[in-house]
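Structure at a glance
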Amino acid sequence: MATARGCGHGGEGGERRGEIGSIVRSLGCFPTEAELHELLAKVEEEEPTGYIPLEKFLPVMTKVLLERSYRPIPEDVLLHAFEALDENKCGYITKEELVKYLTEEGEPFTQEEMEDMLSTALDPETNTVRYRDYISMMVVDESQDLPL
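1. Notes on the packing of helix α2 (residues 33-43) against helix α3 (residues 54-66)
At their nearest, the axes of α2 and α3 sit 9 Å apart, and the two run at 140° to each other. As judged from the angle between their axes, α2 and α3 are oblique. Across from L39, K42 and V43 in α2, the residues of α3 making contact are K56, F57, V60 and V64. Of the residues belonging to the contact of α2 with α3, the class tally is 5 nonpolar, no polar and 2 charged.

2. Some details on helix α7 (residues 131-138)
Think of an α-helix as turning once every 3.6 residues; residues three or four places apart then point the same way. All of the buried residues in α7 are Y131, Y134 and I135. Along the long axis of α7, the arc covered by the buried residues comes to 100°, so they all point the same way.

3. Overview of the packing of aromatic side chains
Inspection of every chain in the model, using the stated rule, returns 2 aromatic pairs. Taking 5.5 Å as the distance between ring centres and 5° as the angle between the ring planes, the aromatic pair formed by F82 and Y131 counts as stacked. Residue F82 is found in helix α4 (residues 75-85), and its partner Y131 is found in helix α7; the two are separated by 49 residues along the sequence. Ring plane angle 80° and centroid distance 6.2 Å describe the contact between F82 and Y134, whose orientation is recorded as edge-to-face. Here the residue F82 occupies a position in helix α4, and Y134 occupies one in helix α7, the gap between them amounting to 52 residues. A residue is classified by how much of its surface remains accessible, and Y134, at 10% relative accessible area, is buried. Taken together, the aromatic side chains of F82, Y131 and Y134 make up a single cluster linked through ring pairs.

4. Focus on the packing of α4 against α7
At a closest axis distance of 10 Å, the pairing of α4 and α7 adopts a crossing angle of 155°. On the basis of their axis angle, the class for α4 and α7 is roughly antiparallel. The element α4 and its partner α7 pack so that their crossing is right-handed. Facing α4, whose interface residues are E75, L78, L79, F82 and E83, α7 presents Y131, R132, Y134 and I135. Across the contact of α4 with α7, the residue classes tally to 6 nonpolar, no polar and 3 charged.

5. As for the nonpolar core
Counting 15 residues, the largest nonpolar core has I20, V24, C29, L39, F57 and M61 as the members making the most contacts within it. Listed by contribution, the elements that provide at least two residues to this core are α1 (20-26), α2 and α3. Looking at which element gives the most residues to this core, the answer is α3, with 5 residues. Membership of the second largest hydrophobic core comes to 14 residues, among which are F82, I93, L102 and Y134.

6. A closer look at unusual backbone geometry
For Y70, which is not glycine, the phi torsion reads 60° and is therefore positive. Turning to its location among the elements, Y70 is positioned in the loop between α3 and α4. Classification of Y70 by relative accessible area gives buried; the value is 16%. In this structure, N127 takes a positive phi of about 60° despite not being glycine. Turning to its location among the elements, N127 is positioned in the loop between α6 (111-121) and β4 (128-129). Residue class for N127 comes out partly exposed when judged on its relative accessible area of 31%.

About the thresholds
- Residues numbered from 1 in each chain as written.
- Predicted model: local features only at pLDDT ≥ 70, side-chain atom pairs only at ≥ 80, totals over all residues.
- Heavy atoms only, no water.
- Axes fitted to C-alpha atoms, helices over the stretch in contact; angles between N-to-C directions.
- Helix = DSSP H or I, 4+ residues; strand = E, 2+ residues; numbered from the N terminus.
- Parallel < 35°, antiparallel > 145°, perpendicular 65-115°, else oblique.
- Contact = heavy atoms within 4.5 Å.
- Nonpolar A, V, L, I, M, F, W, Y, C, P; charged D, E, K, R; others polar.
- Buried < 20%, exposed > 50% of the residue type's maximum accessible area, 1.4 Å probe, protein only.
- Arc of directions from axis to C-beta.
- Phe/Tyr/Trp six-rings, centres within 6.5 Å; stacked < 30°, edge-to-face > 60°.
- Left-handed = near helix turned anticlockwise from the far one by under 90°.
- Core = buried A, V, L, I, M, F, W, Y, C linked by side-chain atoms within 4.5 Å.

Written out as C-alpha cells, the structure reads:
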C-alpha cells in the first residue's frame, strides 16, 4: 500500500499524521486546526497507524486544491488583528506579548507552531514582531493559479 510521504520524515509506513498540517499549508491551503482534524478524519485508516495512506490523501487533497478550500486570511484582516493586539499602536508586538496571545487565547498555537512563526516573524535585534513587515512576507497572491 502506498502512503503519503512529505520530506522524508514519514518512514516506511507513510507520512506521519502530525506532519499533514505542514504539507497542506505548503500547498497553499490554510485550514484551522478544527478543519485540519476534519481533513485527517477523512484520510485516516479505521485502525489509526499514525500514518496517512497516499491513496486516501491524494483524492481528498486534490479536491481541496481544485475547490480552493482553506483560503488564506486577507491582508487587511491580518493587519486589523495585529493592530488590535498592539495596545500602544507602535507598529510592533513584543515576543512575550505575541507568545501570550497565541498560546493562551482562542485556538492556541502548539509549541512547534509558535517556534516556526517566531523564526520568521521575530526581529532578533529588538525581540519584537514588526507586524506590517511580517504580513507582507506572509501574504499569498491568490490571483496566481496553483501548480497542479
